Structure formats: structure tokens, C-alpha cells
Amino acid sequence: MPEATSSDMKASVVATPENWPPIAVPIAKDEALEKEIDEILARMSLEHKVGQIIQADIGSVTPEDVRRYHLGSVLNGGNSAPGGNLRASPDEWLALADAFWEASMTADGPGIPIIWGTDAVHGHSNVTGATVFPHNIGLGATRDATLIEAIGAATAREVAVTGLDWTFAPTLAVALDDRWGRSYESYAEDPALVAELGAALVVGLQGAPGSDAFLGHDKVVATSKHFVGDGGTLDGRDQGETIASEAELRDIHAAGYVTTLEAGVQSVMASFSSWEGRKMHGREDLLTDLLKHRWRFDGMVVGDWNGHGQIEGCTAEDCPDAVNAGLDLYMAPDSWKNLYRSTLAHVRSGRIAESRLEDAVRRVLRTKLRAGLFDKPKPSERPLAANWALLGGVDHTDLAREAVRKSAVLLKNNANVLPLQPKLRVLIAGAAADDLSMLSGGWTLSWQGDGVSKADFPNSETILDGVRRVVSAAGGETEYSAEGEWNENPDAAIVVFGEAPYAEFRGDIATLDYKPGDDRDLAMLKRLRMDGIPTIAVFLSGRPLWVNPELNASDAFVAAFLPGAQAGALADILFSDEAGNVTHDFSGRLSFSWPEDADQYRLNPDDPGYEPLFPFGYGLTYADRENIGPLHKNAVVADVDYSILFDRGAPLGEWKAFLADGEGVSEWRSGRTSSPTGALTAQSADLGQQENAVRLAWNGNGAARYVMQHEAVDLTREVDAQFELIIDYLVEIPAEGPVSLTFTCGDDCASAFDVSESFQLSPDAGVSSLAIPLNCLTQYGVDVAQIDTFSLSASARLTAVISRIAIAPRTEPSECPTLAQ
């Protein structure tokens, strides 16, 4: 049977809510509260009402904008922070919260307090010094709902300390294809476990409905996301088409919504994904008929980052269909101003009914009233405000350490090499052992989680720190080497390695093979084993991956997932006490099945042909006496794909991006980077989706190049097949001088083409494509079997946004450009 594709889906399919189970509504209707909402609505103009259903990002909005446009909400996206400084102090967060609150309360009209949302998805991890807990994939391995509730409560306290009101958590995705870049945000591949742990987090964040703690001074509004089916997309592609029958959508993907709605969650976030060919942001049958009518949810439905703009017929700045489908609050980070204007016009024209607008505003107001925002003073005067002892405090970091110990899963312990005696000479190997970015993953200080240092989280303890703590306390010795070298023969080696950090679509992968084509970690393990050193592998990842060779090369293997800033607590379970007694045993059990082959993309207990290496629920303890291996070592995968150089906001595979000028070279990965002289700046940009592109800005103060580099690639096959290099781009400031595109094939081997005309287009031209036939390279003597760089060069002013660079089949005839002068 051929595999389904999104083009096979029919948007005419409509869900039947009466076939979905009813929900026990946890909060009874409060007539006094509803009367208060009526009174507020009566004092609101149409402009006030439209403003209340729009949420802007703090990087694109000011307090004065909030006052002028009566905006109902702000958020800090993954790369937003006060003043654009990701390392802004907690005081600066609180001061900005005050500024936005004061603006909302001094606006003309009824004075409606703003609500600030944040991605506190594994602790309040956007703020320096906060407690960073393990990601959900690790928490799922704990199977401990009481622990997850406590983590929710600790996170709420830290969010409240900085004056914020609302977190976009928990993620309730049931991730079914582990190639998905958000797999680590999922608790499990099992709907029941997701439902249990998701509800526990909601209670921790908000308090239990009906209790005195519910949305009290130390609680925040929680969000069930992403409604619904985000974990079931075709090929695990983020924001893609969910492949599920309605029964599967209900029984698998919606399980967590039943329990979290019954736990009183006050907001639900619509998913970027689609079902039956229709984007979730535009599905009235699910947002309104099911969620609001069948399930009687009376909180607010918020969109995801410009997600409304992905509805057919919509743009980020104009989308009445989303509100009409049931969206109550547009997440319009940078599109908010024009969206405000178009929405206002649609209400005036009747395209959006005033009754639908009033219902959306009522839901926003109801959430704010329940959260006590109308009664609370400005953020800095609230009970927990500026209580910096709570931010990354001992009680919270101790809780994180418990979570680290309970989330680690022991996959292999041949000859019971673990636990280690602490009074030994221990080698700690691998750069990841002391790398907070790799230990914590995405959504840590920034969207992608890269560039995090211990200075950002002073109370952190890396695995290296933890091993040193345990071993030195017992009188042992440690040595650290990122490359696995040593000066004195160790008694044992702990090797820490794994995935670099990522978030959302940038983490989507084509194969479950761990680092195809890069065997440096494996070589380190093999070298240590060949020297007779007992070798313990600690693997960091946001999903199960095919690591059979690494398992074979280790005596013990621990799946640590993404343990966070207290990763050093792993040392407490890797070592016994000095007398050899176990102080902390392994208790973690896999919440995702572990693949035996690299092409077992959908590997879930109910799938046909379920044959994992380690099944769902597997996990050894020190009482087990099981030896693993040897395992087969040949990955069943396709060749490494060099054809996409840049997509979804980042270089792909082994391609790397650099900014070069006369003074040297700077590497660009994400965020904002300039070439050494500042002549060229690269910055992550939105082109229809969140940070799916790079903005290249030449300031005209000297020549500079944007360089894509790879170890020599053989493009002979592609040349013979009439492929071309394609660049998708948008010109924002037309080129004021020559622009060239250069290919190199080693030293003294290059060809540069004049592409000035392509970059002199008006911004009104929209997104364009530049195609260079690869056979043009052979015409000018380039060795296509040794291509190692491609670069775009300019010296005069030019700003262009590039969303994709790929090598693809030619779709229509195109001529070779002239050579650059």
C-alpha cells in the first residue's frame, strides 16, 4: 500500500464531536464573574476589543504600543528578552513587566491588565539563574506524577518572581515518529502516560481547581498544547500533516487534553499542524465544536507563532478565518499592527461577527479575572516579586537533581560495571560533559539553546562537575579531556556525548542514525575499550537514536536524554558509596521505544511489526544481571544528503555558514552575528514561519561574503542529471553595487558568477528564486567532484532574506550567468 501524503488529504472531512467522550468540567460557572465581564465589555470600544485578542512579541512591541492599541497580551518568543539581551538580569524582566502592566492600566477605557506569556517549558529557562529541569522526554521516563506536579509548582514560583503570568506548557504531543524535532517536548509515545503527567504539571502550575491554591499568588496560567495531533505528522515533519483517523486523533493525540481540561487548564494553544488537509488554526470543528461546545472549555484558545498565517487564504497580517474558527487570541509576534488593522476592518464589515469577537474577548477577560490579574498590583509589588532567592534556589535545584536521577535510563550494564567505586582514578571524556547547551537542549536561554554557559546559570552542575564532586569527596582522582586523552591510566572512563541542541523544525532529521558520517564519538569509545579501560557511555539526546555501534563499544550505556542544568546529579547514581553500597539506583524506564535499526521511524507498541531493541518501559536497575550485545552495526539508511545546504533557518547536515571579510571569518549558526569588520551581518529572520530564514545585510563599508562550507562534495551525478543550485530569497534593500556567487573546489579552483540583477529587485517583487545550472561550473573549469564552498559576495549596500538553498532537478531551462568581473 503506498504511503499517504498530504496531497491525498481532503479538507472536506469534518470531525464529529458527538463521538468524542464528554469531559467533567472542573470549574462551575460563576455568575458574579460573568457579570463583571459584562460590565467590562460594556465599557469597551471596538478598538479595545480587537486589541484584547492580539498578542505581540516584546521584541516588536513597546509599552506605548500596548497603551495605544489596547493589546491584551505580550509574549517573549524563544529569542526575545528585555532590550533584546538574552542575558538580561531578572531585575530587567521584572521592570519590563511593570512597564507593560502600567501601560495597559493607564490606557483610555476600562484599564485591562495585560497578560504576559512565556515558554517556561522546562523551568523558567529563558531567564538567567533560573532552575532548568530535564525536558519532558526525561520526565516521562520518571513515571512520577508527584514529581512532575512539584516541578510545575517550582516553575510557577520562579515565573511569578519575575512578574510574568502565563506559561506555554505543558506540551501534550504523543510523538509517534522520533525524527520529529520536538520529540523531546513529548512525555511519551503512550497516550495514557502523556495524559497523566500533563495533568500533573497543570495542577503544579495552576493549583487544583476548587482549592485555595488555584491560581494564587504563587501560580501561573498553564497552556495545553498543541491542539491537536502535532506528534503524529507525516515523516515526523514539524508543522506537517497529521496522519490519523478521527478515532486515532481522539484516542491517541487528544488523550492529554481530556485530563488537562479536567485539571482546569485555562488556555489551549492551537497546533501548527494540519489534519485532513486543513490547518488546525482554521478548524472550527475542533476549536469550537469539540473544544468549546462538546468539552465546554471556557478558557481562551491562543494561536502559535503567526500560525494563523498558514491557513489557506490568510497571511500573518490578515486572517479573519482563524477567529471565526475559534481562535480567541492571535499570537502575532511581529505582524500584530497590521493584523490589528485588518481585524478591525473585518469586524466593521461583518466578516467577523461582533458576537464572535465578544466571545473571544470574554474568554480572554475570564482567564485574566480567574488569574486574579484585575486584583493584583503591578508585578513588582506582588508577593513573590523580586524574591531572587527562589530563582534557582536550593529547594528547586534539589528537585531538579531528583528529576535528573529518576529520568536516566540504564540500557546496558555488562558485568555490572556500574556502580563505580568513587575512590578510583576516573577519566571524564567528551566536550558534552561540561556543555550546558548539550545537557539542556533547546528552549534554554534561547530558542535553539545554543551558546549557554555556566555563567548563565551559576547554580548549575554539569556532569563533569558532578563526577568531580563525588570522586574527590571519596579521595579519588579525576581527569578531564574533551578528546578522551589521559596522562595517567584511568581505572574507568565516563564518556559523555550526544546531539547538539535544537528546537522545533530545526531538529527534524531524515534518519535515526546517530551522526551519520561522523564517527568521532565512536572512535573515542573504541580507543578506550581497546586500552582495557572500563567505559561508561552517557548519551544525551532529545529522542531515541540508532546507536548500536556505540552500545557495542561501551561496557555500560546510560540514556540521560536532556537532563538540564543539574545534570551533575547523574554522578550520584553512577557511583556507589565508599563501602560499595548503592546510594541511588536507576529507576527510569523508557517512555519511547528504542530502535534496533535506523529506519524504525514509527516504533510504538501498537504498530505492526513492533520489534524494538529496547521496548517501551525498559530500564535496568543494579539488581539486574543482563548482558547486552553484540548488536548489528550496519545502519539501514540512505546516503548522507548533501542536496539541501540551508533550510528552515539553519545550515543542514555538515554544511556550515560563515561571514568573511578582509579581517577574518565569523561562524553563523543562528541569532545575530557580524563579520569581523561589521561589513556583513547575518540574523535569524521570519519568512512565513518563525526564524525559518537568515537576513543578510551588507552595510556598504567594505567587501564581505556569506560562505556555505562543506568537506569536498562530489556533484558529478547532479551535473549529469541537469541539476541546479536554487536560492529562495527576498530582497529588502536592493543591491547598490555588484553581487557575485562563487563556487570553490579547493585552492586555486573557483568560479564566480555575476548575480547582481537578481539582487536589484524591488522588495515588492516578493520571494524570488535564483537558479544556477550546475553544468555552468564545468563550462568554466570548476572541478565538480570537489565542491567545498559556495559564497555570496557584495561590497555595496544590500539586504536580502534567504529561506532555502538547495541542489535540485532543473524544472525549466535556465542560462548560465556571466562571469563576475
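Quick caveat: nothing in here was measured; it's all calculated off a predicted structure.

Undergrad: So, unusual backbone geometry: which residues are in play, and what are the values?
TA: Backbone torsion omega between K225 and H226 reads -5°, so that peptide bond is classified as cis. With respect to the helices and strands, H226 occurs in strand β5 (residues 223–227). In the segment running from L418 into P419, the intervening peptide bond is cis, with an omega of 5°. Not every positive phi belongs to a glycine, and L215 is a case in point at roughly 50°. Within the fold, L215 resides in the loop between α7 (191–206) and β5. With a relative accessible area of 8%, L215 lands in the buried category.

Undergrad: Requested: an account of the sheet that holds strand β10 (residues 300–302), with residues and values cited.
TA: Taken in spatial order, the three strands line up as β5-β7-β10 in an open sheet, and their pairing is parallel. Each edge of the open sheet is held by one strand with a lone partner, namely β5 and β10. Strand-to-strand, the axes of this sheet are offset by a mean angle of 25°, without reference to chain direction. The pairing of β5 with strand β7 (residues 267–270) spans four bridges and is classified as parallel. Residue pairing in the sheet places K225 in a bridge with M269 of β7. Strand contacts of helix α10 (residues 284–294): β5, β7 and β10, with the helix running at about 140° to β5, the strand carrying the most contacts.

Undergrad: Requested: an account of the confidence of the model for the protein, with residues and values cited.
TA: Where the model shows low pLDDT, its predicted coordinates should not be examined in detail. When the pLDDT values of the protein are averaged, the result is 94; 97% of them are 70 or greater. This stretch, residues 1–11, has a pLDDT under 50; its non-local contacts, to residues over four places away or in other chains, come to 15 contacts.

Undergrad: Describe the pairing of strand β20 (residues 656–661), with residues and values.
TA: Judged by how many residues are buried, β20 sits mostly within the fold: five of six residues are covered. Sheet analysis places β20 next to strand β25 (residues 704–713), joined by six bridges and oriented antiparallel. When the bridges of β25 are listed, D661 appears paired with A704. Of the strand pairs in this sheet, β20 and strand β21 (residues 664–668) are connected by five bridges, and their pairing is antiparallel.

Undergrad: Give me the packing of aromatic side chains: which residues, what numbers.
TA: Aromatic ring pairs are reported here in terms of the distance separating the ring centres and the angle at which the planes meet. The final tally for this structure, using the stated rule, is 22 aromatic pairs. Geometrically, the ring pair formed by F227 and Y257 is edge-to-face, given 5.0 Å between the ring centres and 80° between the ring planes. With F227 in strand β5 and Y257 in helix α9 (residues 255–262), this pair connects stretches of sequence that are 30 residues apart. Residue classification places F227 among the buried positions, given a relative accessible area of 0%. The class for Y257 is buried, based on a relative accessible area of 1%. Note on W447 and F505: the rings are 5.7 Å apart at their centroids and 75° apart in plane angle, and the pair reads as edge-to-face. Taken together, the residues span a long stretch of sequence, with W447 in the loop between α15 (436–440) and α16 (463–473) and F505 in the loop between β15 (492–498) and α17 (520–530) at a distance of 58 residues.

Undergrad: Give me the pattern of salt bridges: which residues, what numbers.
TA: Summed over the entire model, instances satisfying the criterion amount to 43 salt bridges. Here R250 and D251 are joined by a salt bridge, their closest N and O atoms 2.7 Å apart. Overall, the relative accessible area of 23% leaves R250 in the partly exposed class. D251 gets classed as partly exposed once you look at its relative accessible area, which sits at 43%. With a shortest N-O distance of 3.3 Å, R405 and D572 are connected by a salt bridge. Taken together, the residues span a long stretch of sequence, with R405 in helix α14 (residues 394–407) and D572 in helix α19 (residues 570–574) at a distance of 167 residues.

Undergrad: Can you tell me about α9, naming the residues and giving the values?
TA: All of the buried residues in α9 are A255, G256, Y257, T260 and L261. In the core, the buried residues of α9 are packed alongside α7, β5, α8 (246–253), β7 and α10. One or two residues past the end of α9 sits G264, with phi positive at roughly 90°.

Undergrad: Outline helix α6 (residues 145–161), supporting the account with residue identities and numerical values.
TA: Compared with the 24 Å implied by 1.5 Å per residue over 17 residues, the 25 Å span of α6 between its first and last C-alpha is a close match. Summarising the contacts, the buried residues of α6 are in contact with α4 (90–106), β3 (115–118), α5 (136–142), α7 and α14. A distance of 3.2 Å separates the backbone nitrogen of T146 from a side-chain oxygen at the start of α6, and that oxygen is part of D144. G163 lies just past α6 and shows a positive phi near 85°.

Undergrad: Describe the side chain of E504, listing the residues and the values that go with them.
TA: Structurally, E504 is set in the loop between β15 and α17. When its relative accessible area of 2% is taken as the criterion, E504 is described as buried. Engagement of the side chain of E504 in a polar contact is seen with the side chain of R182, the distance being 3.3 Å. With near-sequence residues (within four places) excluded, E504 lies in contact with G181, R182, D238, Q239, F272, W443, W447 and Q690.

Undergrad: Can you tell me about the state of the cysteines, naming the residues and giving the values?
TA: Evaluation of the coordinates by the stated rule reveals three disulfides. Residue pairing for C314: its cysteine sulfur links by disulfide to C319, the two sulfurs lying 2.2 Å apart. The chirality of the disulfide connecting C314 with C319 is right-handed, given an S-S dihedral of about 70°. Between the sulfur of C745 and that of C749 lies a disulfide, 1.5 Å long from S to S. Since a negative S-S torsion denotes a left-handed disulfide, the C745-C749 link at about -65° is left-handed. Each member of the pair, C745 together with C749, is buried. Taken in N- to C-terminal order, the disulfide-linked cysteines of the protein are connected 1-2, 3-4, 5-6.

Undergrad: Account for the sheet that holds β3, with residues named and values stated.
TA: One open sheet accounts for five strands, arranged β4-β3-β2-β1-β11; its pairing is parallel. Sheet topology places β4 (166–167) and β11 (330–331) at the edges, where each strand pairs with a single neighbour. As defined by bridge partners, strand β1 (residues 54–57) adjoins β11 across two bridges and the pair is classed as parallel. When the sheet's bridge partners are listed, Q55 is paired in β11 with M331.

The rules behind these values
Residues numbered from 1 in each chain as written. Predicted model: local features only at pLDDT ≥ 70, side-chain atom pairs only at ≥ 80, totals over all residues. Heavy atoms only, no water. Helix = DSSP H or I, 4+ residues; strand = E, 2+ residues; numbered from the N terminus. Buried < 20%, exposed > 50% of the residue type's maximum accessible area, 1.4 Å probe, protein only. Pairing = 2+ DSSP bridges. Axes fitted to C-alpha atoms, helices over the stretch in contact; angles between N-to-C directions. Contact = heavy atoms within 4.5 Å. pLDDT = per-residue confidence, 0-100. Phe/Tyr/Trp six-rings, centres within 6.5 Å; stacked < 30°, edge-to-face > 60°. Salt bridge = Lys/Arg side-chain N within 4 Å of Asp/Glu carboxyl O. Expected span 1.5 Å × (residues − 1). Polar contact = N/O pair within 3.5 Å; in protein donor to acceptor, adjacent residues only side chain to side chain. Disulfide = S-S within 2.5 Å.

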